[in-house]
Amino acid sequence: MKNSNLSFIKTTCYNVFIIGFLFLLTACNNGPSKDKTNKTATKDTVKFETIYWNVKAIHPNGQSLDVKMFDNAGESFDIKAIQNSDQDNLLDVKAIVDGEILPVKVLVSKNQYTPVVAITDAGSAYKLKAITPEGEEFEIIGVVRFGNVVIIKALTSKGKFYGVKAISPTGQLNDIKGIKINSQDREMTLKGHSIYAHVKAMHPSDNEDNFTLPKKNITKGPYKSNFERIIWNIKAITPDGKNLDIKAIDAKGNIFDVKAIQDSKQHSFMDIKALVEGAELPVKILQRSESDEYAPIKAIGIDGTIYDIKALTEDKIKLDVKGISRSGNIIHVKAIDENGEFYGVKAFAPDGKLNAVKGIKIFNRTVEMKVQGHPVYAHLKAISQ
């Protein structure tokens with residue numbers, strides 16, 4: 001009986017060992033799947049030590065004035081442009097309040113001058129102001145809209161405008177401006193506030209400082225532009241300097257033009273559209289699936305029809321055009337040849353000016369919005385280089 005019990009105990013221990021070994025083996029075999037998921041989730045994430053740019057109003061004599069957010073008690077808080085990647089072409093502008101990062105937006109207004117505010121999680125909106133050494137405060141405002149751009153200035157007590165810039169620790173300058181994705185006045189609602197434009201720090205444009213600005217804060221009507229539109233060509237550039245046409249192609253193989261549309265004096269931030277049978281269709285970078293190495297770029301019809309975006313070689317070979325990587329708010333866009341080589345994609349003005357074609361992210365989330373049911377990862381734009 002004793003030997004029988006001993007044999008039973010040994011058998012039981014052996015079975016437990018085998019079951020434990022099989023469990024461990026199964027866990028090890030599942031390891032690569034977990035690793036694949038993590039890689040997919042972090043594919044666009046690159047470690048970068050954040051750089052904070054100071055936001056200043058610039059006096060005509062060259063003196064810089066601090067720009068701050070003021071709460072209801074009159075306490076001031078820092079406003080910074082935040083560079084969180086290797087690109088400095090499109091930076092978020094934020095208020096920093098007791099370690100909390102607050103979005104800065106231009107609000108919808110019935111008047112010409114639109115308030116620039118920081119918005120708290122509780123829904124309070126606090127104005128931005130420039131401060132002189134003597135303690136005088138100048139309100140930061142959106143002065144006027146040109147297409148997708150809202151010009152932002154400091155307004156003095158005498159009605160003069162001072163430029164507003166972001167200044168890096170190394171002295172580089174970016175313009176502070178409002179940018180619009182939606183053609184309507186209202187972009188979105190945030191904590192109960194109607195948002196007119198998103199405030200960003202962008203590479204300077206060669207002409208925006210010379211725009212004629214309205215001198216009175218009058219009631220404004222719906223936005224209209226009498227500007228005679230300029231159509232920019234979209235091309236992929238090969239290493240030997242050849243320019244390849246970028247086209248939209250439907251399921252039947254029909255080919256349509258893809259263009260950047262300059263519909264105002266500014267050309268630092270322009271829409272890119274597919275011109276399909278009299279309609280101008282938005283071109284977007286869509287959210288990629290698990291099987292996609294790069295993010296697909298598509299034109300989207302009013303009925304949800306998808307059009308492929310391709311670069312065409314001289315031999316009529318169709319090359320994919322994709323969003324290949326992310327740097328902060330920018331998605332880098334390339335054409336990809338048969339050997340996997342990348343070609344840059346640019347917008348060419350009729351007079352030879354050149355813009356970069358990039359994906360633009362407004363929000364720190366994967367899906368920016370949906371267009372006809374399609375998840376949009378980023379907005380395709382032609383922007384100053």
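Look up: the structure comes first, before these words.
For the structure given in this document, a descriptive report is provided here. Residue positions within a chain follow its written sequence, with the count starting from 1. Side-chain atom pairs in this predicted model are given and counted only at pLDDT of 80 or more, local residue features only at pLDDT of at least 70, and totals for whole chains, interfaces and linings cover all residues. Only hydrogens and water are removed before side-chain values are computed, so all heavy atoms of the structure are retained for them.

1. Let's talk about the packing of aromatic side chains
Ring pairs shown here join Phe, Tyr and Trp side chains whose ring centres sit within 6.5 Å, with only the six-membered ring taken for Trp; geometry is labelled stacked below 30 degrees between planes, edge-to-face above 60, and tilted in between. Under the definition given, this model contains five aromatic pairs. Relative to phenylalanine 211, the ring of phenylalanine 146 has its centre 4.5 Å away and its plane inclined at 50°; by these criteria the two rings are tilted. Of the two residues, phenylalanine 146 sits in strand β8 (residues 137-146) while phenylalanine 211 sits in the loop between β13 (193-202) and β14 (230-237), which places them 65 residues apart along the sequence. No difference in accessibility class separates phenylalanine 146 from phenylalanine 211, as the two residues are buried. Relative to phenylalanine 342, the ring of tyrosine 294 lies with its centre 5.9 Å away and its plane at 75°, an arrangement referred to as edge-to-face. Of this pair, tyrosine 294 sits in the loop between β18 (279-286) and β19 (295-300) while phenylalanine 342 sits in strand β23 (residues 342-348), placing them 48 residues apart in sequence. One residue, arginine 145, lies across the ring of tyrosine 223, its end atom 4.0 Å from the ring centre. Criterion for a charge above a ring: Arg CZ or Lys NZ at most 6 Å from the ring centre, at most 35 degrees from the ring normal. Lying across the ring of phenylalanine 363, arginine 365 places its NZ or CZ 4.0 Å from the centre. In DSSP terms, a helix is any run of H or I states spanning at least four residues, a strand is any run of E spanning at least two, and both are numbered starting from the N terminus. The buried label goes to any residue with under 20% of its type's maximum accessible area, the exposed label to any with over 50%, and the partly exposed label to all in between, with areas taken from a 1.4 Å probe on protein chains only.

2. Observations concerning unusual backbone geometry
Notably, aspartate 98 is not glycine yet its phi reads approximately 50°, a positive angle. Looking at where aspartate 98 falls in the secondary structure, it is placed in the loop between β4 (90-97) and β5 (100-107). The exposure class of aspartate 98 is exposed, given its relative accessible area of 74%.

3. Comments concerning the pairing of strand β10 (residues 161-167)
With five of its seven residues buried, β10 lies for the most part within the structure. A pair of strands counts as paired when DSSP detects no fewer than two bridges linking them. Here strand β1 (residues 51-58) runs beside β10; their pairing, made up of five bridges, is antiparallel. Within β10, the position partnered with valine 55 by the bridge is alanine 166. Looking at chain direction, strand β9 (residues 149-155) and β10 are connected through three bridges and run antiparallel. For alanine 154, the partnering residue across the bridge sits in β10 and is tyrosine 162. Relative to strand β11 (residues 173-179), β10 runs antiparallel, the two sharing three bridges. Directly across from alanine 166, in β11, lies its bridge partner asparagine 174.

4. Side note on the pairing of strand β15 (residues 243-249)
Within a regular beta strand, the side chains point alternately toward one face of the sheet and then the other, so they alternate between its two faces. For β15, the buried fraction is high: five of the seven residues fall into the buried class. In terms of strand pairing, β15 meets strand β20 (residues 306-312) through five bridges, oriented antiparallel. Bridge pairing in β20 links lysine 247 to lysine 310. As judged from the three bridges shared by β15 and strand β16 (residues 255-262), these two strands associate in the antiparallel manner. Among the inter-strand pairings, isoleucine 249 is bridged to a residue of β16, identified as isoleucine 255. The loop that links β15 with its antiparallel partner β16 comprises five residues; one of these, glycine 253, has a positive phi angle of about 90°.

5. What to know about the side chain of glutamine 83
Looking at the element boundaries, glutamine 83 is found in strand β3 (residues 76-83). Of note is the side chain of glutamine 83, whose polar atom sits 3.0 Å from the side chain of tryptophan 53. The contact criterion used is simple: two residues touch if any of their non-hydrogen atoms lie within 4.5 Å. Once residues lying within four places of it in the same chain are set aside, the contact partners of glutamine 83 are Phe48, Glu49, Thr50, Ile51, Trp53, Asp88 and Leu91. Counting of polar contacts relies on pairs of N or O atoms within 3.5 Å, with two restrictions inside protein: one atom must be capable of donating a hydrogen and the other of accepting it, and residues adjacent in sequence are counted only when both atoms are side-chain atoms.

6. Notes on the nonpolar core
Among the nonpolar cores identified, the biggest contains 36 residues, and Ile234, Ile272, Ile285, Ile309 and Val321 are the most heavily contacted of them. Discounting chain neighbours no more than four positions away, the residues touching isoleucine 234 are Leu244, Asp245, Ile246, Val258, Lys259, Ala260, Ile272, Val345, Lys346, Ala347 and Val357. In this description, a nonpolar core means a group of buried Ala, Val, Leu, Ile, Met, Phe, Trp, Tyr and Cys residues linked to one another through side-chain atoms lying within 4.5 Å.

7. Description of a negative patch on the surface
Patch membership requires over 30% relative accessible area and the absence of a salt bridge. Like charges are linked within 9 Å, and nonpolar side chains (Val, Leu, Ile, Met, Phe, Trp, Tyr) within 5 Å. Here, Shrake-Rupley sampling with a 1.4 Å probe gives the accessible areas, and only protein chains in the shown set may cover a residue. Any Lys or Arg side-chain nitrogen located within 4 Å of an Asp or Glu carboxyl oxygen qualifies as a salt bridge. When charges are counted, Lys and Arg are positive and Asp and Glu negative, with His and the chain ends excluded. Where a charge lies is defined by one atom per residue type, namely NZ (Lys), CZ (Arg), CG (Asp) and CD (Glu). A contiguous patch of negative charge on the surface is contributed by Glu75, Asp98, Glu100 and Asp121. Relative to the helices and strands, aspartate 121 resides in the loop between β6 (114-119) and β7 (125-131).

8. Focus: the pattern of salt bridges
This structure, assessed with the given rule, holds 19 salt bridges. Between lysine 68 and aspartate 78 there is a salt bridge, with the nearest N and O atoms lying 2.3 Å from each other. Taken together, the positions of lysine 68 in strand β2 (residues 64-70) and aspartate 78 in strand β3 put the pair 10 residues apart, joining distant regions of the chain. Judged by relative accessible area, which is 17%, lysine 68 ranks as buried. Between lysine 165 and aspartate 209 there is a salt bridge; the shortest N-O distance is 3.6 Å. Placement of the pair is lysine 165 in strand β10 and aspartate 209 in the loop between β13 and β14, with a sequence separation of 44 residues. One network of salt bridges, in which partners are shared, links Lys165, Asp175 and Asp209.

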